[in-house]
Amino acid sequence: MAEYFPRVKAIKYEGPDSKNPLAFKHYDPKRKVGGKTMAEHLRFAVCYWHSFRGAGADPFGVGTRTMPWLDAADEMTAAEQTLDACFEFISKLGVGFWCFHDRDIAPEGADVDDSARNLEHIVKLAKKKQRDTGIKLLWGTANLFSHPRYRSGAATACNPHVVAHAASQVKRALDATKYLGGSGYVFWGGREGYESLLHTDMARELDHLGRFLHMALDYKKKIRFGGQFFIEPKPKEPTKHQYDSDAAACHAFLQKYDLVKDFKLNIEANHATLAGHEFMHDLMYAADNKILGSVDANRGDTLLGWDTDQFPTNIYETALAMMVILKAGGFTKGGLNFDAKLRRQSVDVEDLFYAHIGAMDAFARGLVIAHQIIKDKALDKFVNDRYKTWNSDLGRKFEKGKLTLDQLEAYARKHGEPAVPSGRQELIENVFNDYIK
Ligand code: XUL
Ligand code: CO
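Every value quoted in this text rests on a predicted model; they were computed, and no experiment measured them.

Some details on the side chain of lysine 129
Then, number 1: Counting through the fold element by element, lysine 129 comes out in helix H5 (residues 112–133).
Then, number 2: The buried category is assigned to lysine 129, whose relative accessible area is 16%.
Then, number 3: In terms of polar contacts, lysine 129 uses its side chain to reach the side chain of aspartate 84, at 2.7 Å.

Here is the structure:
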């Protein structure tokens, strides 16, 4: 079997003083942080699509990266080689999980059965790779957005014949995910949205999406797949508006269609920022509503308005994210999937290692910082102080629903102007920054 990363050996933890660019400075998989190891907390996953199928093409030019595993006489041989490259990479990186779309790992065939055969063939090889390396599947998914047939959507297409193809893909991708022992399954509505409301029956399309997800749930039960279903919010791109636009929109949708107990969210950093939120906002919204499931770890560029999918490097951001994740109890079936791609000028195979090493170190630091802030209760005092008047008789009665507008008005009349304390934002930001080490 060919070796695709011959110049790279297994990546080891060497500590913060190491000058070795192919070593972890902060991610020490066995180091305990509050009862769990870093590996158990962070549950890193490598994504197949950007890392092994994306050569850096953008709307202005073709790919720039050489990916020797894609060099083959036919598509199935390329698919087998890509699997080899992926498992060699993940083994050397020392990550526990991977994620894939059906069409990343196996090519579309001449018809639904041919496509299913291609997928089954590669999935069998993947099962053997998982056994040999101990690498597990975090989640699988179906690509319901690349093929031209999905141009008006997949589950929300304007023609049920298209939905039938989407159903076949989801069914087969669920079979594959179950067979590989996947911890979860993601629905990202790539083209479930619209370009123009003038030709779109939004209510009907959303009903179709709700119906489709119930069918997926029925199939999950039928095949006894015990993994977690996730929806991945994104506001736009490729469509002008995507129905799963942010965590709150997904939550409303899941409640309306009676799906909320069966789905959690896979929050992607760059999708939250595209929606005009902080990454932390969508994480917190999901956590507050008990639907935080998994994370696609990446970042955008503050000066670019699209989904740049860069590897996360910002310690401040990873600390904020880990604070929300830890407070929510940490990951169970989810993890941190690097849905991130190399920049177009990063053309060497080693660049993929540098990218992941940096991102993993950034999250390891974020984890340690967040754990310490929570342990020291460094921010709790500020929040408790801010809301302490709610512990008064007035506040308690209000929260218990025991007051009316008339009674509140009487209180205001009797007590005059309220004292509103300083928000202390700058001080709190300083306290947070003191932990960034
Ligand atoms: C697209 C995106 C997808 C999903 C899986 O922006 O994030 O790769 O994560 O379909
Ligand atoms: Co994603």
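Here the narrative resumes, following the displayed structure.
Examining the domain arrangement of the protein
Then, number 1: Here the domain parsing of the protein yields domain 1 (12–376) and domain 2 (387–434).
Then, number 2: If you average the C-alpha positions of domain 1 and of domain 2, the two centres end up 41 Å apart.

What to know about the coordination of the cobalt ion (ligand 2)
Then, number 1: Of the protein atoms, only Glu232 (OE), Glu268 (OE), Asp296 (OD) and Asp339 (OD) coordinate the cobalt ion (ligand 2), at distances of 1.9 to 2.2 Å.
Then, number 2: Considering all six donor atoms around the cobalt ion (ligand 2), the spread of angles at the metal, 79 to 173 degrees, places the coordination shape in the octahedral class.
Then, number 3: The motif formed by the donor residues of the cobalt ion (ligand 2), counted along the single chain, is E-x35-E-x27-D-x42-D. Taken as a pair, glutamate 232 in the loop between strand S10 (228–231) and strand S11 (241–242) and aspartate 296 in strand S13 (residues 292–296) lie far apart in primary sequence, 64 residues in all. Accessibility classification places glutamate 232 together with aspartate 296 in one group, the buried group.

Brief notes about the sheet that holds S10
Then, number 1: Taken in spatial order, the eight strands close into a barrel running S5-S6-S7-S8-S10-S12-S13-S14, and their pairing is parallel. Strand after strand, the sheet turns through a mean of 30 degrees between neighbouring axes, direction not considered.
Then, number 2: Of the pairings in the sheet, the one linking strand S6 (residues 97–101) to strand S7 (residues 136–141) comprises five bridges and is parallel in character. Bridge assignment links phenylalanine 97 to a residue of S7, and that residue is lysine 136.
Then, number 3: Helix-sheet contacts for helix H6 (residues 160–179) involve S6, S7, strand S8 (184–187) and S10, and the interaxial angle to S8 is about 155 degrees.

Some words on the packing of aromatic side chains
Then, number 1: Summed over the entire model, instances satisfying the criterion amount to 26 aromatic pairs.
Then, number 2: With 5.2 Å between their ring centres and 65 degrees between their planes, tryptophan 390 and phenylalanine 398 make a pair best called edge-to-face.
Then, number 3: Assessed through its relative accessible area of 34%, tryptophan 390 is described here as partly exposed.
Then, number 4: Taking relative accessible area as the criterion, phenylalanine 398 reaches 42% and is therefore assigned partly exposed.

Focus on the site of ligand 1
Then, number 1: Every residue lining ligand 1 is accounted for by Trp49, His101, Trp139, Trp188, Glu232, Lys234, Glu268, His271, Asp296, Asp307 and Asp339.
Then, number 2: Within the contact set of ligand 1, an oxygen atom lies 2.8 Å away from a side-chain nitrogen or oxygen of glutamate 268.
Then, number 3: Within the side chain of histidine 271, one N or O atom sits 2.9 Å away from an oxygen atom of ligand 1.
Then, number 4: When isolated, ligand 1 has an accessible area of 290 Å², and the protein chains bury 94% of it.
Then, number 5: Classifying every residue of the shell around ligand 1 gives three nonpolar, two polar and six charged.

Looking at the pattern of salt bridges
Then, number 1: Following the criterion strictly, the structure yields 16 salt bridges and no others.
Then, number 2: For lysine 261, the salt bridge identified is with aspartate 262, shortest N-O distance 3.5 Å.
Then, number 3: Overall, the relative accessible area of 65% leaves lysine 261 in the exposed class.
Then, number 4: In this structure, aspartate 309 engages lysine 341 in a salt bridge whose closest nitrogen and oxygen atoms are separated by 3.9 Å.

Observations concerning the nonpolar core
Then, number 1: By size, the foremost hydrophobic cluster in this structure holds 126 residues, and its most contacted members are Leu42, Leu93 and Trp98.
Then, number 2: Discounting chain neighbours no more than four positions away, the residues touching leucine 42 are Tyr27, Met322, Phe331, Gly335, Leu336, Phe363, Ala364 and Leu367.

Considering unusual backbone geometry
Then, number 1: A cis amide bond links glutamate 237 to the next residue, proline 238, at an omega of 15 degrees.
Then, number 2: Examined against the element boundaries, proline 238 turns out to sit in the loop between S10 and S11.
Then, number 3: Its identity is not glycine, yet aspartate 258 carries a phi of approximately 55 degrees, on the positive side.
Then, number 4: Mapping aspartate 258 onto the fold places it in the loop between helix H8 (247–256) and strand S12 (263–268).

Description of helix H10 (residues 279–288)
Then, number 1: Within H10, burial applies to Phe279, Met280, Asp282, Leu283, Ala286 and Ala287. End-on, the buried residues of H10 take up no more than an arc of 165 degrees, which puts them together on one face.
Then, number 2: Taken together, the buried residues of H10 touch H8, S12, helix H9 (269–274), S13 and helix H11 (315–327).
Then, number 3: Phi for lysine 290, located one or two positions after H10, is positive at around 60 degrees.

Reading the values: rules and limits
Residues numbered from 1 in each chain as written. Chains lettered and ligands numbered in written order. Predicted model: local features only at pLDDT ≥ 70, side-chain atom pairs only at ≥ 80, totals over all residues. Heavy atoms only, no water. Helix = DSSP H or I, 4+ residues; strand = E, 2+ residues; numbered from the N terminus. Buried < 20%, exposed > 50% of the residue type's maximum accessible area, 1.4 Å probe, protein only. Polar contact = N/O pair within 3.5 Å; in protein donor to acceptor, adjacent residues only side chain to side chain. Domains from an automatic or database assignment. Donors = N, O, S within 2.8 Å, 3.2 Å for Na, K, Ca; no water. Tetrahedral: all angles 85-135°; square planar, octahedral: opposite > 155°, others 65-115°. Pairing = 2+ DSSP bridges. Axes fitted to C-alpha atoms, helices over the stretch in contact; angles between N-to-C directions. Contact = heavy atoms within 4.5 Å. Phe/Tyr/Trp six-rings, centres within 6.5 Å; stacked < 30°, edge-to-face > 60°. Near = heavy atom within 4 Å. Areas by Shrake-Rupley, 256 points an atom, 1.4 Å probe, with all protein chains shown as cover. Nonpolar A, V, L, I, M, F, W, Y, C, P; charged D, E, K, R; others polar. Salt bridge = Lys/Arg side-chain N within 4 Å of Asp/Glu carboxyl O. Core = buried A, V, L, I, M, F, W, Y, C linked by side-chain atoms within 4.5 Å. Arc of directions from axis to C-beta.

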